[in-house]
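Breakdown of the fold
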Amino acid sequence: QKGGYKHFMLKEIFEQPRVIADCLAGRVDRNSGRVILPELEAAEVPERLFIVACGTSYHAGLWGMYLMEQWAGIPTRVEIASELRYRDPILGPGDTVLAISQSGETADTLAGIHLAKARGARVIGLCNVVGSSVAREADLVVHTQAGPEISVASTKAMCSQLALLTLMALAFGQRKGVLPEDAAKNCVPGLEHLPAALDAALPGMRQRARELCRVYAEARSFLYLGRGLCFPLALEGALKLKEISYIHAEGYAAGEMKHGPIALIDPKFPTFALAPIDSLYPKVKSNLQEVQARGGKIIALTQPGGDLDVDHPWETPAAWGPLASFMLLPALQLFAYEMADYLGKDVDQPRNLAKSVTVE
Ligand code: F6R
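Residues numbered from 1 in each chain as written. Predicted model: local features only at pLDDT ≥ 70, side-chain atom pairs only at ≥ 80, totals over all residues. Heavy atoms only, no water.

This brings us to the pairing of strand 12 (residues 312–315). Because side chains alternate across strand 12, one face comprises the buried residues H312 and W314, and the other comprises P313 and E315, none of which is buried. Here four bridges tie strand 11 (residues 298–302) to strand 12, and the two strands are oriented parallel to one another. Along strand 12, the bridge assignment pairs T302 with E315. (Buried < 20%, exposed > 50% of the residue type's maximum accessible area, 1.4 Å probe, protein only. Helix = DSSP H or I, 4+ residues; strand = E, 2+ residues; numbered from the N terminus. Pairing = 2+ DSSP bridges.)

Here we come to the environment of G251. The topology assignment puts G251 in strand 9 (residues 248–253). On a C-alpha basis, the gap between G251 and I299 in space is 14 Å, while along the polypeptide they are 48 residues apart.

This paragraph deals with the pattern of salt bridges. Note that side chains of opposite charge can pair when their charged atoms are close. For the structure on display, the rule yields 19 salt bridges. A salt bridge links K11 to E15, with the nearest nitrogen and oxygen atoms 3.1 Å apart. The exposure class of E15 is buried, given its relative accessible area of 14%. Among the salt bridges present, the one from K285 reaches D307, with a minimum N-O distance of 3.0 Å. With K285 in helix 10 (residues 281–293) and D307 in the loop between strand 11 and strand 12, this residue pair connects regions lying 22 residues apart in the sequence. Here K285 falls in the partly exposed class, since its relative accessible area comes to 23%. Exposure remark for D307: the relative accessible area of 46% places this residue in the partly exposed category. One continuous salt-bridge network, built from bridges that share partners, spans K11, E15, R18, D22 and K156. (Salt bridge = Lys/Arg side-chain N within 4 Å of Asp/Glu carboxyl O.)

This is the structure we're talking about:
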């Protein structure tokens, strides 16, 4: 059942290359670079988008916001479902709600769908479980096709959500005629390159995660930092570590560090930084210098060509632009996994958690 892996979580992390390939199958035309999402053909390109989700799916939504804005010019907000449902949001006919849920049964996300429908907004569901409540109640549904996710901690489902959000942003940008040339040219080939590149990289990533978790196993708390697309990934890295290893971790936008959390930095409070070589790299680098100036230890996920002088640089394979996230995410997952396993925790069934949160 676990396919020779020690835990379902590890198996699911290693399935991610296949998950990306499945998300792309039949959905991209290699020659024209066009995205084919028949599920959304009936839908107009949203004028405004509200992404609604919980937990890891919320982090995927936050990540998707950057691409919806940048590639499709769609004003996008991302809402924690349990907050949205008790507000009086400015939401109505003409608006589109994108509800993201692996299980399709999360009570708060469903309540968000009901609220959106009651106010006349159109609802697109992005979910993994076919026939689930989200799939049934949304006006249109896109399936992430990640296959059953058994481990309570979500891994491959998030990967599939990011892949579909990428395709949706591309498709909307193409239809509106606003897709930047760089993305039009490089995204589809970049996506197609991912499965093989990630597959080749995963064993080495796991090895690095094993080494690092032994170095940091005494830490009682971690600060995860990232900017741009790496801010939601920092939130996700921290969530994964918390939920399965029970080590406290906080995800923060790197630029916000100086507004408070920097006070916590000392040699016993390590920072896990996301520092791919993108336009924000110099900014992240200077944040890390601030951490070092206070004696903080640093693990930094980066890419080839970087020049970080930190305790533990961790190079992930090159990938085009935003697609670097598909290399960073498994590294975050593996670090949490190896830490939890090293500390003897019940990786697949963490205490107090359920796979599908059907209560509010
Ligand atoms: C974290 C995790 C949860 C879920 C959240 C939403 O690893 O699994 O945070 O992401 O409960 O679940 P879905 O996506 O099923 O709505």
